[in-house]
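Structure at a glance
Spelled out from the first residue to the last, the chains are:
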Amino acid sequence: MSQEDFVITAKDINKIYGRGETKVNALKKVNIEIKKGDYITIIGPSGSGKSTFMNILGCLDKPTSGKLYIENTDVSTLNENKLAKIRRKKIGFIFQKYNLIPTLTALENVTLSMSFAGVTFSERIKRAEDLLKKVDLTHRLSHKPSELSGGEQQRVAIARALSNNPSIILADEPTGNVDSRSGIKIMDILEKINNQGETVIVVTHDPNIAKRGKWTIRIHDGVVSGFAD
Amino acid sequence: MVLLIDNFKIAFKNIKERKSRVFLTLIGVAIGIMAIVALMSLGEGMQSAVEGELASLTDTIIVTTGSVNVNAMGGGFTEGGGAHFTQRDIDGINRIGGLESVNPVMFGGAIIEYNGEFHSVTILGMDAYSMSYIFGIDFLGLQSGEFMNTGDQNKCIIGNNVANEYFDTSISVGNKIKINNKNFYVNGIYKKQGAGFSTETDDNIHLTVRDFKKITGQENISGILIRVSDVNNIEDIADEIEFVINENHGEDDFANVITMSSILDSIQSVLSVISLFLLGIAAIALVVASIGIMNTMLTSVMERTHEIGIMKAIGAKNTDILSIFLTEGILISLFEGSLELC
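Residues numbered from 1 in each chain as written. Chains lettered and ligands numbered in written order. Predicted model: local features only at pLDDT ≥ 70, side-chain atom pairs only at ≥ 80, totals over all residues.

**Side note on the overall build of chain B**
In terms of helices and strands, chain B carries ten helices and ten strands. Counted over contacts in chain B with a minimum sequence separation of 6, partners at least 24 positions apart contribute 80%. (Helix = DSSP H or I, 4+ residues; strand = E, 2+ residues; numbered from the N terminus. Contact = placed C-beta atoms within 7 Å.)

Quick look at the structure:
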């Protein structure tokens, strides 16, 4: 398979926090290739390095050594502004704690990321309304995060992640803070997104959720210990 | 690139969210700036008031004996008994060119009587024109009545304390008082000086030189008032006068010659120190206020590191975030400015 088919290629990625005595080797020589349209779950106990790996994939953090390609761009050498552009155009992030801006309404939270991408005002509103309709929140457009339930907030976050048409959706424990019924709804939405051709990567420690992926990466002590289908 | 309108919307929401804190900061800065403006204008006003008043007297030279305290008005004259000037000094000065007028000033004590009560006061003899010229400036001036005309006799101008506090019943313009047993008509009463420039006029009685000589029998000249015709020559003339008088008396420091501009200079230097002091206080107020605003902005940034992280994660550039915070700062400053204008 040629490299062009992969949206993410990680080569010998190491991540070391701290130095000297307190040095922590969070990721050790991670090699991974992810195809376009994949639905991947990353599973591992807490402290295993899965969140570190997620942050590096999402260009929030840089590897200490090794190379990371996102759609054939070597992101390990990019500067801050270029990384911001990658995050804006290619990656949609979904966090365990939703991470919505508390002062903005649901609609404004979705339009905010589009404003960073320079989408025009009217187009932003239209697109945000469409996305919020997709996640079943048409009736909550002008509610602030504090007026929404956990599941609703997470669905706003999903709409936000999709707002700039990214090629990769990264979800870090998306169901970690919601009840099981909302969790199922969220996973359904992610599956639907994947069915539309989006690459979805979900980090979890719940084996039931991990099973929903097309394949699963196991991380233990910073080492990718195995792939499972 | 975030559009300007988005920045304003986000910034406005943030300010709304923290309105009480923003408001307190604004008040702090407003007070700081108001203090600067108020204290600065106070200093400026003080200086221009004094300069404006004294500038009208820049053609006047005051000669007194010995080294005396420089005092703007009337102060520093020695009483008749001590060292004094003579007619020879006056004649000597008159021989110097470029003078408008030369007038002796006499200084002494007297007993006054009003309604059967007695009181001792300090009296000052001066020609009528000089009196109205020097004591007629705005911040001295008369409370009621008017200055004497040249040639008037048995008239006097009394200080405010003399009029209102020395006797059981106040003296008013038109009343008669006795000075050293001679009847005098009260032609005018000075404004109260209080703790102002000179308290001399409050407790003094001013007469013409002729009346002064008549009631005291004294010829000793305590001081000389000279007006020059060209203000530009005043310092040269002052030096000459000093030389002539010292020569007459055979002493190096007999005469003390003061020009208004030298008084003005010394007052100005005092005032500029005061202005500087006021400015210093105001500057401290402003520094405190600016630290307040810095603190507000800093807390605003610190408590939102999380929010900044989110914005970066969804693709904001550093400049996008900077512009959001700057817009917030600008908005606060605009509120501040309008508060200031109100």
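There's plenty left to go through after this.
**Observations concerning the overall build of chain A**
In terms of helices and strands, chain A carries seven helices and ten strands. Classification of the 229 residues of chain A by burial places 46% in the buried group. The long-range share in chain A, meaning contacts at least 24 apart out of those at least 6 apart in sequence, stands at 69%. (Buried ≥ 20, exposed ≤ 12 C-beta atoms within 10 Å, placed from the backbone.)

**A closer look at the nonpolar core**
The biggest cluster of nonpolar side chains holds 70 residues, and the ones touching the most others in it are A:I94, A:L132, A:L170 and A:I201. Ranked by the residues each element gives to this core, the list is headed by helix α5 (residues 150-162) of chain A, at six residues. In this view, A:L170 contacts A:M54, A:L57, A:G58, A:I91, A:F93, A:I94 and A:I201; residues no more than four positions away in its chain are not counted. Formed by 53 residues, the second largest nonpolar core is a distinct cluster that contains B:F85, B:I112, B:L124 and B:I245. (Core = buried A, V, L, I, M, F, W, Y, C linked by C-beta atoms within 7 Å.)

**Here we look at helix α10 (residues 318-341) of chain B**
Between its first and last C-alpha, α10(B) extends 34 Å over 24 residues, near the 34 Å set by a 1.5 Å rise per residue. Where α10(B) is concerned, the buried positions are B:D320, B:I321, B:S323, B:I324, B:T327, B:E328, B:I332 and B:E336. (Expected span 1.5 Å × (residues − 1).)

**Things to note about the packing of helix α2 (residues 19-55) of chain B against helix α8 (residues 260-302) of chain B**
Residues and elements named next belong to chain B. At a closest axis distance of 8 Å, the pairing of α2 and α8 adopts a crossing angle of 175 degrees. Comparing the axis directions of α2 and α8 gives the class roughly antiparallel. Here the contact of α2 with α8 is composed, by residue class, of 27 nonpolar, nine polar and two charged. (Axes fitted to C-alpha atoms, helices over the stretch in contact; angles between N-to-C directions. Parallel < 35°, antiparallel > 145°, perpendicular 65-115°, else oblique. Nonpolar A, V, L, I, M, F, W, Y, C, P; charged D, E, K, R; others polar.)

**Structural notes on the sheet that holds strand β4 (residues 65-70) of chain A**
Residues and elements named next belong to chain A. If you walk across this open sheet you meet the four strands as β2-β1-β4-β5, and the pairing is antiparallel. Each having just a single partner strand, β2 (24-35) and β5 (73-74) make up the two edges of the open sheet. Note: β4 against β5, two bridges, orientation antiparallel. Across the sheet, residue Y69 finds its bridge partner in β5, namely D74. (Pairing = 2+ DSSP bridges.)

**A short note on α5(A)**
Residues and elements named next belong to chain A. The end-to-end C-alpha distance of α5 is 19 Å, a good match for the 18 Å that 13 residues give at a rise of 1.5 Å each. Within α5, eleven of the 13 residues are buried, which leaves it mostly tucked inside the rest of the structure. Among the residues of α5, E152, Q153, Q154, R155, V156, A157, I158, A159, R160, A161 and L162 are the ones counted as buried. Those residues of α5 that are buried lie in contact with β6 (91-94), α3 (106-116), α4 (121-134), β7 (168-172) and α6 (180-195).

**Some words on the environment of B:E165**
Residue and element names in this part refer to chain B. In this fold, E165 is placed in the loop between α5 (160-164) and β6 (176-179). Here E165 falls in the exposed class, since 12 other C-beta atoms lie within 10 Å of it. Separated by 38 residues in sequence, E165 and D203 place their C-alpha atoms 9.6 Å apart.

**Details of the pairing of β4(A)**
Residue and element names in this part refer to chain A. The pairing of strand β1 (residues 6-17) with β4 spans five bridges and is antiparallel. By the bridge assignment, I8 is partnered in β4 with I70. Counting the residues that bridge the hairpin from β4 to β5 gives two residues, and of these E71 lies at a positive phi of roughly 45 degrees.

**Some thoughts on the interface of chain B and chain A**
Residue-level contacts link 17 residues of chain B with 19 residues of chain A. Those elements giving two or more residues to the side of chain B that touches chain A turn out to be α1 (4-17), α9 (305-313) and α10 of chain B.

**Topic: the packing of α2(B) against α10(B)**
All names here are of chain B. It is at 10 Å that the axes of α2 and α10 come closest, and there the two elements cross at 50 degrees. When the axes of α2 and α10 are compared, the pair comes out oblique. In this structure, the crossing between α2 and α10 has a hand that is right-handed. Every residue of α10 that contacts α2 at V22, L26, V29, A30 and I33 is listed here: I332, F335, E336, L339 and E340. Residue composition of the contact of α2 with α10, grouped by class: eight nonpolar, no polar and two charged. (Left-handed = near helix turned anticlockwise from the far one by under 90°.)

**Quick notes on the environment of B:P104**
Residues and elements named next belong to chain B. Looking at where P104 falls in the secondary structure, it is placed in strand β2 (residues 99-114). Residue P104 is classed as buried on the basis of its C-beta count, with 25 C-beta atoms lying within 10 Å. Residues P104 and G223, 119 residues apart in the sequence, show an inter-C-alpha distance of 5.9 Å. Apart from the residues within four sequence positions on either side, P104 is in contact with I90, V209, I221 and I224.

**Description of unusual backbone geometry**
Generally, phi is negative for residues other than glycine and the peptide bonds are trans, each holding for most cases. Even without a glycine there, the phi angle at A:C59 is positive, about 60 degrees. Non-glycine residue B:N115 carries a positive phi angle of around 55 degrees. Mapped onto the elements, B:N115 comes out in the loop between β2 and β3 (117-125).

**Quick word on the confidence of the model for chain B**
Detailed reading of the predicted model is not advised wherever pLDDT is low. Residue and element names in this part refer to chain B. When pLDDT is averaged across chain B, the result is 81; 91% of the residues are at 70 or more. Every residue in residues 67-76 scores below 50 in pLDDT, and together they form 26 contacts with partners more than four places removed in sequence or on other chains. Here the prediction assigns the complex a pTM of 0.63, and the interface score ipTM is 0.85. (pLDDT = per-residue confidence, 0-100.)

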